[in-house]
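Coordinate inspection notes
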Amino acid sequence: MKPNGTSLNTLSTNGIHLNGNGHNHGLTDELVDDMGDNHASANLETPLRDDAFALDDDLKIDLIEEHFREIMTILGLDLTDDSLKGTPRRVAKMYVNETFKGLNPANKPSTTLFENKYQYNQMLVERDITVQSYCEHHFVPIIGKAHVAYISSGKVIGLSKLNRIVQHFAKRPQVQERLTMQIADELKRALQTEDVAVIIDAAHLCVSTRGVNDTASSTLTAAYSGKFDEEATRQEFLKYVGMKPTM
Ligand SMILES: [Zn+2]
């Protein structure tokens, strides 16, 4: 029995068809679990639909609210309860305005390049940048730190822009490998140099609070290019961020 109103299968809005039919993905439940636990992903680009931004944010919030209410109702929760009744709208606003804000390229931080007047031509490292992302396989948080570095090609950007670039790509459904590479790519583009490095060290709540329930492990990913492909430069970077240079 369906709760009154909305069809759970297909939602059609402004000609956009969102397939919500649980079994049209061509995967068995077992394969779905495996892919999630192995965090398999094939693309550097976040897989987005061509019409990803055809709906405006207000409409997205209204639709997500409606569908999140359905999820809670199916779970058996009483949405007339004072504590629960605002939850669907809160979740919808959080998804669109905060958690997944980085999906929209319009929200990408603009980066102004400055001349490197003082001719600082050594490595610049910004370490312990807060990373708060979301696992795209389980929709639970990934929380950790990023260390980024570059060697100026003659241009520099404001330090806080490094944090903002990390945050922008984190605010998407992600896998950590892709997040690392997307940040590195944007740094190269913004700084007009190949000489960039990114390390992310993060805990995945899908690993710590479900599945294997391992609360102690963290996942390390790294992207090096240009001069950071050279042994000495890489070791220097690892030393600055407090990681034991081994390789
Ligand atoms: Zn996960």
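Residues numbered from 1 in each chain as written. Predicted model: local features only at pLDDT ≥ 70, side-chain atom pairs only at ≥ 80, totals over all residues.

A look at the overall build of the protein chain
- Summing up its helical and strand segments, the protein chain has 7 helices and 9 strands in all.
- Residue burial in the protein chain is summarised as follows: out of 247 residues, 23% are buried.
- Residue pairs at least 24 apart in sequence account for 68% of intrachain contacts in the protein chain once pairs closer than 6 positions are excluded. (Helix = DSSP H or I, 4+ residues; strand = E, 2+ residues; numbered from the N terminus. Buried ≥ 20, exposed ≤ 12 C-beta atoms within 10 Å, placed from the backbone. Contact = placed C-beta atoms within 7 Å.)

Some details on unusual backbone geometry
- Even without a glycine there, the phi angle at Phe 139 is positive, about 55°.
- Following the sequence through the fold, Phe 139 ends up in the loop between strand 4 (123-135) and strand 5 (141-151).
- Not every positive phi belongs to a glycine, and Gln 192 is a case in point at roughly 55°.
- Relative to the helices and strands, Gln 192 is located in the loop between helix 5 (176-191) and strand 8 (196-204).
- The exposure class assigned to Gln 192 is exposed, which follows from the 11 C-beta atoms found within 10 Å.

Details of the nonpolar core
- The biggest cluster of nonpolar side chains holds 33 residues, and the ones touching the most others in it are Val 148, Val 166, Ile 183 and Val 198.
- Every element with two or more residues in this core is listed here: strand 4, strand 5, helix 4 (159-170), helix 5, strand 8 and helix 6 (205-208).
- In contact with Val 198, other than residues within four places in its own chain, are Ala 146, Val 148, Thr 180, Ile 183, Ala 184, Ala 222 and Ala 223. (Core = buried A, V, L, I, M, F, W, Y, C linked by C-beta atoms within 7 Å.)

Looking at the sheet that holds strand 7 (residues 173-174)
- Here 5 strands make up an open sheet; going across it, the order is 7-4-5-8-9 and the pairing mixed. Because the sheet does not close on itself, it has two edges, and the strands there are strand 7 and strand 9 (219-224).
- Looking at chain direction, strand 5 and strand 8 are connected through 9 bridges and run antiparallel. Residue Ala 146 lies in a different strand from strand 8, and its bridge partner there is Ile 200. (Pairing = 2+ DSSP bridges.)

Quick notes on the confidence of the model for the protein chain
- Of all residues in the protein chain, 87% attain a pLDDT of 70 or more, and the chain-wide mean is 88.
- Here residues 1-12 is modelled with pLDDT under 50, and outside its nearest four sequence neighbours on either side it reaches 17 contacts, counting other chains as well. (pLDDT = per-residue confidence, 0-100.)

Some details on the packing of helix 4 against helix 5
- Packing of helix 4 against helix 5 leaves a shortest axis separation of 9 Å and a crossing angle of 140°. The angle between helix 4 and helix 5 places the two elements in the oblique class. As for how helix 4 packs across helix 5, the hand of that crossing is right-handed. Where helix 4 approaches helix 5, its residues Ile 165, Val 166, Phe 169 and Ala 170 are matched on the opposing element by Leu 179, Gln 182, Ile 183, Glu 186, Leu 187 and Ala 190.
- The class makeup of the residues in the contact of helix 4 with helix 5 is 8 nonpolar, 1 polar and 1 charged. (Axes fitted to C-alpha atoms, helices over the stretch in contact; angles between N-to-C directions. Parallel < 35°, antiparallel > 145°, perpendicular 65-115°, else oblique. Left-handed = near helix turned anticlockwise from the far one by under 90°. Nonpolar A, V, L, I, M, F, W, Y, C, P; charged D, E, K, R; others polar.)

A closer look at the packing of helix 2 (residues 57-74) against helix 3 (residues 87-99)
- Remark: helix 2 packs on helix 3, axes separated minimally by 8 Å, with the N-to-C direction vectors making an angle of 135°. Taken together, the axis directions place helix 2 and helix 3 in an arrangement best described as oblique. Like other packed secondary-structure pairs, helix 2 and helix 3 cross with a definite hand, here right-handed. Seen from helix 2, the contacting residues are Asp 57, Lys 60, Ile 61, Ile 64, Glu 65, Phe 68, Arg 69 and Met 72; seen from helix 3, they are Thr 87, Pro 88, Arg 89, Val 91, Ala 92, Lys 93, Tyr 95 and Val 96.
- Partitioning the contact of helix 2 with helix 3 into residue classes produces 9 nonpolar, 1 polar and 6 charged.

Section: the UniProt feature "binding site: Zn(2+)" (unreviewed entry) in the protein chain
- As annotated in UniProt, the feature "binding site: Zn(2+)" (unreviewed entry) corresponds to Cys 135, His 138 and Cys 206 in the numbering used here. A compact arrangement is adopted by the annotated residues: their sequence extent is 72 residues, whereas the largest C-alpha distance between any two is 7.5 Å.
- With respect to the helices, strands and loops of the structure, Cys 135 is situated in strand 4.
- What Cys 135 contacts, discounting residues up to four positions off in sequence, is Val 140, Ile 142, His 204 and Cys 206.
- Within the secondary structure, Cys 206 sits in helix 6.
- Excluding anything up to four places from it in sequence, Cys 206 contacts Cys 135, His 137, His 138, Val 140 and Gly 211. (UniProt positions renumbered as here; feature names shortened; annotations may be inferred.)

Some details on the pairing of strand 8
- Of all 9 residues in strand 8, 7 are buried; the element is thus mostly enclosed.
- Two elements, strand 8 and strand 9, share 6 bridges in a ladder whose sense is antiparallel. Each bridged residue has a counterpart across the sheet, and for Val 198 the counterpart in strand 9 is Ala 223.

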